[in-house]
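Architecture at a glance
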Amino acid sequence: MRYFLFILSLITCLASCSDKNTISPNGNTDQTVAPENRSPSVRNLKPDGTPYSLETLESMSHEKLMQLTYEPPRDTILTIGILLYDGYFSLDAMGPHSVLSSMYPAKTFFVGKRKGTVTSNNGLITPIDTTIAEVKQLDILVVPGGTTATYRAAQDGQLLQWIKNIDTKSKYTTSVCTGAWILGAAGLLKGKNATTNWYQAEEKLEEYGATFTHERFTKDGKYWTSAGVSAGIDMSLALVDHIMGRNYAAFVMLNLEYDPQPPFEGGSVEKTDPVIHFMTKKIYDLSLEPEAFSKDKKKGL
């Protein structure tokens, strides 16, 4: 029902009110705090500064509850386009889609160079009903990453020109993982702080005139970039928080039950066994080497 009940309630609230980053990854699994022992995040307090009791909340009307949690949006977002191309990382796009599609009244959709289907790096086949030729404006543009496919996309003049055109009118231009390579190749990150997947991160962003921040996600003006793959969820939640307010973002977060507790330490260069890190880097090197060679050959190098 895609958040139907909440959105329906929010519409009522909006009508009645119209007048009026850091994630701390868990180190050792034996140090994990059990969910039942965690303190809830409390920010909606009574006028006297004390939390609402369950009894008080149950006695309040639906309209009063909605007024209690309503926060005026920072902006009006009507269109959110997520660029897809063959070989993109599926979670780079689907994570942000799961989060951003909750932003009523925005329409969230996938866009590609041509109609038909797009296949992700792990075989997810997604229909594309809207092409870049049909899209002239987006409030939010999301560019996911990949490996060799992203490298090729960053050399695609037609695609880069479309991104530059969209960026002239967008309210937020964003990337996930190596999607920052594409934004960088379009010339949009020059002089900006940005983050991306750990692989050749500093080198690649420096190539595009950007400064690597080594953060889970980074905001520089209207440009929001995230680190690898799953970090796109963090960035998207932060964007919802920025636009719709903390109460709305907290609803989305709870609806997704997004409360990362990895079963063991890892997920970043600093927390991964050096052998595993080295082997992963070699795999990336080998996959991108033919692309880099082909590019150099075209330049006559």
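Whatever comes next refers back to the structure up there.
Rules of the game
Residues numbered from 1 in each chain as written. Predicted model: local features only at pLDDT ≥ 70, side-chain atom pairs only at ≥ 80, totals over all residues. Heavy atoms only, no water. Axes fitted to C-alpha atoms, helices over the stretch in contact; angles between N-to-C directions. Helix = DSSP H or I, 4+ residues; strand = E, 2+ residues; numbered from the N terminus. Parallel < 35°, antiparallel > 145°, perpendicular 65-115°, else oblique. Left-handed = near helix turned anticlockwise from the far one by under 90°. Contact = heavy atoms within 4.5 Å. Nonpolar A, V, L, I, M, F, W, Y, C, P; charged D, E, K, R; others polar. Phe/Tyr/Trp six-rings, centres within 6.5 Å; stacked < 30°, edge-to-face > 60°. Buried < 20%, exposed > 50% of the residue type's maximum accessible area, 1.4 Å probe, protein only. Lys NZ or Arg CZ within 6 Å of the ring centre and 35° of its normal.

Focus on the packing of helix H4 (residues 90-100) against helix H9 (residues 231-244)
- Closest axis-to-axis distance for the H4/H9 pair is 8 Å, and the angle between their directions is 25 degrees. One element, H4, and the other, H9, form an angle in the roughly parallel class. Note on packing geometry: the crossing formed by H4 with H9 is right-handed. Packed against H4, whose contacting residues are Leu91, Gly95, Pro96, Val99 and Leu100, the element H9 presents Gly232, Ile233, Ser236, Leu237, Leu239 and Val240 at the interface.
- Taken together, the residues of the contact of H4 with H9 sort by class into eight nonpolar, three polar and no charged.

As for the packing of aromatic side chains
- Tallied over the full model, the rule gives six aromatic pairs.
- Arranged with centres 6.4 Å apart and planes meeting at 70 degrees, the rings of tyrosine 85 and tyrosine 88 form a pair that is edge-to-face. Per residue, the accessibility class of tyrosine 85 equals that of tyrosine 88, and both read buried.
- Measuring from centroid to centroid gives 6.4 Å for tyrosine 248 and phenylalanine 251, while their planes differ by 80 degrees, and the two rings are edge-to-face. Of this pair, tyrosine 248 and phenylalanine 251 both sit in helix H10 (residues 246-255), three residues apart, which is roughly one turn of that helix.
- Grouping aromatic residues by their ring pairs yields a cluster made of Trp198, Tyr199 and Tyr284.
- The ring of phenylalanine 109 carries lysine 107 above its face, with NZ or CZ at 5.4 Å from the centroid.
- Taking NZ or CZ as reference, lysine 204 lies 4.7 Å from the ring centre of tryptophan 181, over its face.

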